[in-house]
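# Summary of the model geometry
Residue strings, one per chain:
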Amino acid sequence: MMSSFNRVLILGTGPASVQLAVTLKNKWNCCIGIAGRESVRSEPFFTALDESGRRVRADIQNEKHQAMQGECIVDHVFQGYGTITGEWDTLILAVTTDAYVAVLKQIHGELLKRVRCMLLLSPTFGSNRLVRHYMNGIQSSAEIISFSTYSCATRWAGPRPSHQVITTAVKKKVFIGSTHGRSPAIESLCGLYEKLGTTLEVMDSPMEAESRNISLYVHPPLFMNEISLGAVFGEDVTQKYVYKMFPEGPITQYLIRDMLAAWKEMMSILEQLHFEGINLLKFMTDDNYPVRLESLSRHDIEHFTELETIHQEYLLYIRYTSLLIDPFSEPDQEGRYFDFSAVPIRSIFVDREGYWDIPRMPKEDYYRIKIIQGIARHLNVSCPTIDKFISAYEGKLEAVAQARKGELLSDAFVIQDFAEDVKMICHEMENQIELSGELT
């Protein structure tokens, strides 16, 4: 087993960190560390870790995911990123994408400089360039690897963060890309993930791998509309569901129109960067959730990009109606299938520190889409639909912040431009263009 993974430090205290610790310790026998920020939110996790003698456990919901199950002792625990010590071959960033640079800034520079490899577990479009820009600034030549998304669905075993998690699903395919091409680290990861039941498809560049995240294409239209925003910010007290048709959820012909238009804007960005485009319908059905061929023909899926706009909208609408139920589940005695689309839209809530906060969806999607908007503007690509999503979300932020004036509100209620991150990403993109120009 290659030396880049002898000593691995996982940054972040979410369920994915526990699953990763168990997997890496049991499959590769690495020395494993977990670090997280000191906060009210992470305190139950660190307390549980301390009480269990640093023993963590991952269970599974489905027997076919046996390879993910197990337990191990975490070798080192750091409460606060500033307390990290020791020599680490690889850092795994298992924190939210908007926190990457903030977390790296808290780690001692000399320690960070000696790291040979960094894995971005669930980055967004541009994250690799952002991290690379920061690492270049401290004279590090570490390999930076991006996954398109985290490969599992993992949650806490109980109602609170603890030392135990359950993995309920494992993706069949995840995309991956490295600053060092098809490196030994990439080869090792491909071998590991194959044992776990996931194929890693290696892309030519990390940014291209990052573009293969379905959330980029479906979350903004599904959440940044009046119906979903009304549910998120508590204006509509009737429970709404992410993937249901109006009035149970946000999906209308207009939402589908916006989803298609935003995908086309994203394809214009990929084209400017000389990346391969994505067949949205094929990506949805083959790499995410399949539907029955009786609902969508293979011909329509394969030739989706060649069809007229109205035909494309029609097929996307069929796709969402076909997944109102899980078409591959076993019907009950009344002929009812599993209610696949009943994913509740979560509302704003008071966090452990007493502040009003916004759920991960759409809070994280706001960062994602603002970064995409920044990249589009840098490339002079027009993106009116993406602008429309942002405008709807920011308008709601302003209105709610105004209505709750005097109450404790988290930073999520502040309109942000993330200008520093956009600047670093675009600067790194320019460097890449210059380098590729020198190479040709």
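Residues numbered from 1 in each chain as written. Predicted model: local features only at pLDDT ≥ 70, side-chain atom pairs only at ≥ 80, totals over all residues. Heavy atoms only, no water.

Per an unreviewed UniProt entry, the protein is named DUF2338 domain-containing protein, and its organism is Paenibacillus mucilaginosus 3016.

Glancing now at the packing of aromatic side chains. One pair of aromatic rings is described through two measures. These are the centre distance and the angle between the planes. Inspection of every chain in the model, using the stated rule, returns 15 aromatic pairs. The interplanar angle of 50° and the centroid separation of 6.4 Å between the aromatic rings of Phe 233 and Tyr 393 together place this pair among those described as tilted. One end of the pair, Phe 233, is in the loop between helix 9 (226-232) and helix 10 (253-272); the other, Tyr 393, is in helix 15 (residues 384-403), with 160 residues separating them in the sequence. Judged by relative accessible area, Phe 233 falls into the buried class, the value being 4%. Looking at Tyr 393, the relative accessible area reads 0%, which means it is buried. (Phe/Tyr/Trp six-rings, centres within 6.5 Å; stacked < 30°, edge-to-face > 60°. Helix = DSSP H or I, 4+ residues; strand = E, 2+ residues; numbered from the N terminus. Buried < 20%, exposed > 50% of the residue type's maximum accessible area, 1.4 Å probe, protein only.)

Attention now goes to the packing of helix 14 (residues 360-378) against helix 15. With their axes 10 Å apart at the nearest point, helix 14 and helix 15 run at an angle of 135° to one another. Classed by the angle they form, the pair helix 14 and helix 15 counts as oblique. Both helix 14 and helix 15 take part in a crossing whose hand is left-handed. For the pair helix 14 and helix 15, the contacting residues are Pro 362, Lys 363, Tyr 366, Ile 369, Lys 370, Ile 372, Gln 373 and Arg 377 in the first and Ile 386, Asp 387, Phe 389, Ile 390, Tyr 393, Glu 394 and Leu 397 in the second. A class-by-class count of the residues in the contact of helix 14 with helix 15 yields nine nonpolar, one polar and five charged. (Axes fitted to C-alpha atoms, helices over the stretch in contact; angles between N-to-C directions. Parallel < 35°, antiparallel > 145°, perpendicular 65-115°, else oblique. Left-handed = near helix turned anticlockwise from the far one by under 90°. Contact = heavy atoms within 4.5 Å. Nonpolar A, V, L, I, M, F, W, Y, C, P; charged D, E, K, R; others polar.)

What follows is about the packing of helix 10 against helix 15. Contact pair helix 10 / helix 15: the axes reach a minimum separation of 7 Å and the direction vectors enclose 120°. Between helix 10 and helix 15, the interaxial angle falls into the category oblique. The segment helix 10 lies against helix 15, with Asp 258, Ala 261, Ala 262 and Glu 265 engaging Pro 384, Thr 385, Ile 386, Lys 388 and Phe 389. The residue inventory of the contact of helix 10 with helix 15, partitioned by class, reads five nonpolar, one polar and three charged.

Core analysis: the biggest nonpolar cluster contains 101 residues, and Leu 11, Ile 84, Leu 91, Phe 125, Tyr 217, Phe 233 and Ile 269 have the highest contact counts within it. Looking at this core, the element that brings in the most residues is helix 10, giving 10 residues. Each of domain 1 (7-206) and domain 2 (214-438) contributes no fewer than three residues to this core. With sequence-adjacent residues up to four places away left out, Tyr 217 is seen in contact with Ser 211, Met 259, Trp 263, Met 266, Met 267, Leu 270, Ile 278, Leu 280 and Phe 283. In terms of nonpolar packing, the next biggest core, distinct from the first, is built from 44 residues, Phe 46, Cys 152, Ile 176 and Ile 186 among them. (Core = buried A, V, L, I, M, F, W, Y, C linked by side-chain atoms within 4.5 Å. Domains from an automatic or database assignment.)

We now examine the environment of Thr 168. For Thr 168, the location among the structural elements is in strand 10 (residues 164-170). Residues Thr 168 and Glu 201, spaced 33 residues apart in sequence, show a C-alpha to C-alpha distance of 22 Å. Here Thr 168 is in contact with Gln 61, His 65, Ala 153 and Arg 155, once residues within four sequence places are set aside.

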